Amino acid sequence: MINRRSPFKTLLIYLLVILLLALFLFPIYWMFIGSLKDNSVLMRLPPQLYPTFSTLESYKAVFSNAKYMKYILNSFIVASMTVVIDLVFSVFAGYSLSRFHYPGRKAIMTITLSAQVFPTVVIIISLYEFFSKFKLMNTYHGLSLADVAMSLPLSVWMLKSFCDSVPRSLDEAAKVDGCGRFMTMMRIVLPLLKPGMLAVGIYAFLMSWDDYMLGLVIMTKTPLKTLPVGISETFLGEFGFDYAGMMTISVVASLPVLLLFLVFQKYMVAGLTGGAVKE
Amino acid sequence: MTKAVINARPHKGISEKWKDHLFGYALLLPTFSVFSLVILFPIAKSIVMSFYNYTYASIKKGPTWNSFENYVTIFEEGFLSQLFRTLIFTVGTVGLELVIGMCIALLLNMNIRGRNAFRSLFLMSWTIPSIVTALLWSWLFNAQYGLIDFVLSRIGLIADPNMQWLQSPSLAMVTVIIAVVWRQTPYMLVMILAGLQSINQDLVEAAAIDGANAFQTFFRVKLPGIKTVLGNTIITCVMSSFQQFTIIMNMTQGGPMKMTTTMSIATYKLAFTSRNLGAGAAVGVIWMLLLGTGVTIYNHVSKRFDYE
Amino acid sequence: MKRLLAIMLALTMLCSLTVLAVAEDHAPVTIEFLCWGAAETTTAPAFNAMIEGFEAKYPWITVEVTESNYDAVNTSLLNRAANDDSPDVAQVSNQWVAALCELDAVKPLEELFDEEKIADFYTGSMEGTIIDGKHYSAAWIMQPFGLYCNMDLLAAAGYNHVPTTWAEYIQMARDVAKLGTNAEGNTVYGICLGTQVLANAGYGVLPYIWAHGADFYAEDGSIGFYSEGTVAAYKELQDLVKEGVIATGLQVVNNRSLFGNGQAAFHIDAPSQVVNFSAVNLQVTNIPETSTITSDHHLIVSANTEHPEECALLVDYLTGPEGMEIYTQHNSVICARYSVEALPYFQNLEGTTAVFYKMAGSAKSLPVQSANFVPAMEAIAEGIQRLTIGLEDADTVVKDTAATLTKLYSK
């Protein structure tokens, strides 16, 4: 096939891909260069398309602002907790669904996947009351649990697929050797799930970092607010005209997940697509 | 053989099979506890709330049953237009995601070098947090200083260099659709690409040998090959568009003049801005009914097509 | 010996009784103060200093400050009121008080202060929150809105003075808009109008209505919104939008940036905003031929507070000469009590602050008596959107808005 394609056609394909890529990546580029300029440059026409390192003032302002630093810290704490809880719960559930065929297994799989169908916005109407009763309002573990619930369906599905690809014979060998069920899962299968766990972990982190609605409802006290809520309050309220600051905080909010993704993207893609395609 | 032996043994406690089952159930407990706490109970409560008069004032004095009054209220408040707008938004976003995602996936599928690198670069916009997407595109569409107005007016596509996008009743929907498509297309792209790459290459080659051109290969060989993946991905994207809140809320707040108020925004505004939690819940209930019906229909239809 | 012992015993008893008496008078108390002033960078130093000063004066009282941004304080107050968990004292906008009263969350001032003290607060500011004959909030800061004028743009259009009549105001705005763009290449506008559906966009339009002789209320207290004057005002605004004199689709915060960036001739806003306009050669004046609106900060006390005396002390301190002396050292704010006028700060005012100070007397209260004030203002703002962005017929828009207002205020 390859040697039948003209070099002209190949070039055309490359050009198209690069053009489309440029269109998709341009806003990110725009965000980066905007963060390095100050408002007097940004609020002027014509807009500068090239980067100028006019100022790092905006960055200094963000990093010296204790409020923003707290928001970032809160997001990190919640996202980390979400990852840990999500991993533990989804490994258990994925292994369970993969290895054991108990009554109701199909129904449970369907329910797990359908959990993400319920509109979050309808959940939050009553969530306030439930979380208040269980003293989960304005707590890191409260928000983490909520984020975990949102990530679990896909996490369980991903890990179940990965589990399915680990041969059963390993389990049985372990059983013959006298290994208990729990130990079999932890010592034998778990280590082989590392790529899957990595994918689930990153996915959970991304979902939690991105979360706006749950954080809005659960974290009402300023020192506990997460980054998306803090950004929304600041830049869609009082400082709605501080475009330089807006771009800077956007960069700061995007960098952790961008970097995480760029380093681990292989696992992410494998996780996302592994489950869907095998069907 | 083994079965007979086991059954012949006198019952000492629980059988191995059931020990397995119980272990399996136990492993599921954490997951289902979280589901119950965070999803099941609140949804059930919200459904119940939709039949009560649940406003801030009534929380203190105790909510009263008002049967379908909330449902009548939401229709008066324009539920049908909200539904309509949600459908437009969903069709617009998923449609664009499908077309653009498919094009890029087909291009990347053509055995070019650095395909994985390109794929990862395309995925970058998917990782950008939604709030940042909202801010970024609000800035690009800014009527006074935004890049889009500048470029479009310079190349003569629009007349007014300060044309309103986010505050234009007709164009606001376009802005949120573009922002969401920018963020979601990479997901569609990655799934389709993976699907395309799992198609048996022999089939494609056979089609080529039979003299099929690109179009025929696409529609007769490739598309059916990725049918399941495509279907599932489209469903996921549809549900995600229905639920979209952060980007719309932070770009247009559902305006101007309610032109971008989808059911998601309407639920939130009714519940938290107008503080009528019962009415907000009512919108949610109808939404879930519609979703449930839609998914059931899809399942039946896709099962039918599977047998072709 | 015996006598000495007797005297010592008596003295000891006297001492311990005094100590007990003093200790009982001042058992340590903690009260919660919810505010947004401590959260905003411009006012945080003032708030911290005021609380410090208060705690120094009353050593047995500890003030626990809870801070959030403006909107979050409003939401928080409503949430907490619904759950019977209101903070002891809260900084509020006088616009929020009626809704909180409906939730039985506010203690009337009559239970905390005597008549003389209540009379010390500016009547104009206190009027809005008199419900069922009782005062429910204490006026703290008045913010009469003034007309900010960009003198450079006016000069470029051929004017070297601020407008003194309404007709002059409109004409000047038109002439500035005709300039097209300014030196930086940005479009120039005459007048700033908030046109997004927010409460401050709703009441921002009231001076325009008043300038045409109309009002929110009719003489008999019903909603008099639908009248010749209002329709005329709306028509005028629509014409200005069509001529490009007004930039549409902006929130009040965006209008501030527009004016601050030298792109608008006129902007109506509160005194606190002058710091955002440092790059503009400006002058502040009264809005010609009409009263101005005022957005006041008040203080409320929770209906269920366990320490009403301490709350009263805090309210009195913050609004009175001692608190205001500290406040004015950091920010230029306008007092709301007659006794505070005697402070040297207010006796020696100059420049823009003096202009605003003079306006405080003639400012007209917003129609905040109803718990539906905010939805009502949003209804007006929605009408303005229909008028300026949808370009609908002015008469229809006013009629529809008036109908919504009547429904909201009929409770």
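Report follows, based on the coordinates. (Residues numbered from 1 in each chain as written. Chains lettered and ligands numbered in written order. Predicted model: local features only at pLDDT ≥ 70, side-chain atom pairs only at ≥ 80, totals over all residues.)

What to know about the overall build of chain A
Heads up, the rule is: Helix and strand definitions here come from DSSP, where helices need a minimum of 4 consecutive H or I residues and strands a minimum of 2 consecutive E residues; each element is numbered from the N-terminal end. Whether a residue is buried, exposed or partly exposed follows from its count of other C-beta atoms within 10 Å of its own C-beta, namely 20 or more, 12 or fewer, or something in between, respectively; the C-beta atoms are built from the backbone. By definition, residue pairs are in contact when their C-beta atoms, positioned from the backbone, come within 7 Å.
What chain A contains, in helices and strands, is 13 helices and zero strands. Principal axes of the C-alpha set define a box for chain A whose edges measure 75 × 70 × 30 Å. For chain A, the proportion of its 279 residues judged to be buried stands at 49%. Residue pairs at least 24 apart in sequence account for 77% of intrachain contacts in chain A once pairs closer than 6 positions are excluded.

Focus: the sheet that holds strand β7 (residues 146-150) of chain C
All names here are of chain C. Here is the rule we go by: Strands are treated as partners if at least two bridges between them are detected by DSSP. Interaxial angles span 0 to 180 degrees and are taken between N-to-C directions of axes, which are lines fitted to C-alpha atoms, for helices over the stretch in contact.
Taken in spatial order, the four strands line up as β8-β9-β7-β10 in an open sheet, and their pairing is mixed. Each end of this open sheet is capped by a strand with a single partner; those strands are β8 (189-191) and β10 (282-285). Averaged over all adjacent pairs, the angle separating strand axes in this sheet is 25°, with direction ignored. Here two bridges tie β8 to strand β9 (residues 264-269), and the two strands are oriented parallel to one another. Looking at β9, one finds that Y189 is bridged to A264. Strand contacts of helix α8 (residues 166-178): β8 and β9, with the helix running at about 165° to β8, the strand carrying the most contacts. Set on the sheet, helix α16 (residues 351-360) makes contact with β7 and β10; between it and β10 the angle comes to about 15°.

Some details on helix α8 (residues 130-140) of chain B
For α8 of chain B, a buried count of eleven out of eleven residues is recorded, marking the element as mostly surrounded by other parts of the structure. What α8 of chain B keeps buried is the set S130, I131, V132, T133, A134, L135, L136, W137, S138, W139 and L140 of chain B.

As for unusual backbone geometry
All names here are of chain C. With a phi close to 55°, D132 is a non-glycine residue in the positive phi region. On the secondary structure map, D132 appears in the loop between β4 (130-131) and β5 (134-135). Classification of D132 as exposed rests on a count of 7 C-beta atoms within 10 Å. Backbone geometry at L391 places phi at a positive 50°, although glycine is not the residue there. The residue L391 is located in the loop between α17 (373-388) and α18 (394-409) in this model.

With respect to the environment of C101 of chain C
Structurally, the position occupied by C101 of chain C is in helix α4 (residues 97-102). Once residues lying within four places of it in the same chain are set aside, the contact partners of C101 of chain C are V106, I131 and Y136 of chain C.

Things to note about the packing of helix α7 (residues 140-164) of chain A against helix α2 (residues 16-49) of chain B
Defined as follows: We call two directions roughly parallel when the angle between them is under 35 degrees, roughly antiparallel when it is over 145, roughly perpendicular when it lies between 65 and 115, and oblique otherwise. Crossing handedness: left-handed means the near helix sits turned counterclockwise from the far one by under a right angle, and right-handed means the same turn made clockwise. Put simply, Ala, Val, Leu, Ile, Met, Phe, Trp, Tyr, Cys and Pro go in the nonpolar bin, Asp, Glu, Lys and Arg in the charged bin, and everything else, Gly too, in the polar bin.
α2 of chain B packs onto α7 of chain A with a crossing angle of 130° between their chain directions and a minimal axis gap of 9 Å. As the angle between them shows, α7 of chain A and α2 of chain B are arranged oblique. You can see that α7 of chain A and α2 of chain B cross each other, and the crossing is left-handed. The residues of α2 of chain B that touch α7 of chain A, namely those facing L145, A146, V148, A149, L152 and V156 of chain A, are T31, V34, F35, L37, V38 and I39 of chain B. Tallied by class, the residues present in the contact of α7 of chain A with α2 of chain B amount to eleven nonpolar, one polar and no charged.

Thoughts on the sheet that holds strand β11 (residues 297-301) of chain C
Residue and element names in this part refer to chain C. Pairing within the open sheet is mixed, and its six strands lie in the order β2-β1-β3-β11-β6-β12. Since the sheet does not close on itself, it has two edges, and those belong to β2 (61-67) and β12 (334-335), each with one partner. Here three bridges tie strand β6 (residues 138-142) to β11, and the two strands are oriented antiparallel to one another. Note that in β11 the partner of A139 across the bridge is H298. Packed onto the sheet, helix α2 (residues 44-57) meets β1 (29-35) and β2 and runs at close to 160° relative to β2.

Concerning the environment of S46 of chain B
Considering the arrangement of structural elements, one finds S46 of chain B in helix α2. C-beta crowding within 10 Å serves as the criterion here: with 29 such atoms nearby, S46 of chain B is assigned to the buried category. Taking the C-alpha atoms as reference points, S46 of chain B and G278 of chain B, separated by 232 residues in sequence, lie 7.8 Å from one another. Not counting residues up to four positions away in its chain, the partners in contact with S46 of chain B are V122, I125 and S126 of chain A together with A281 and G284 of chain B.

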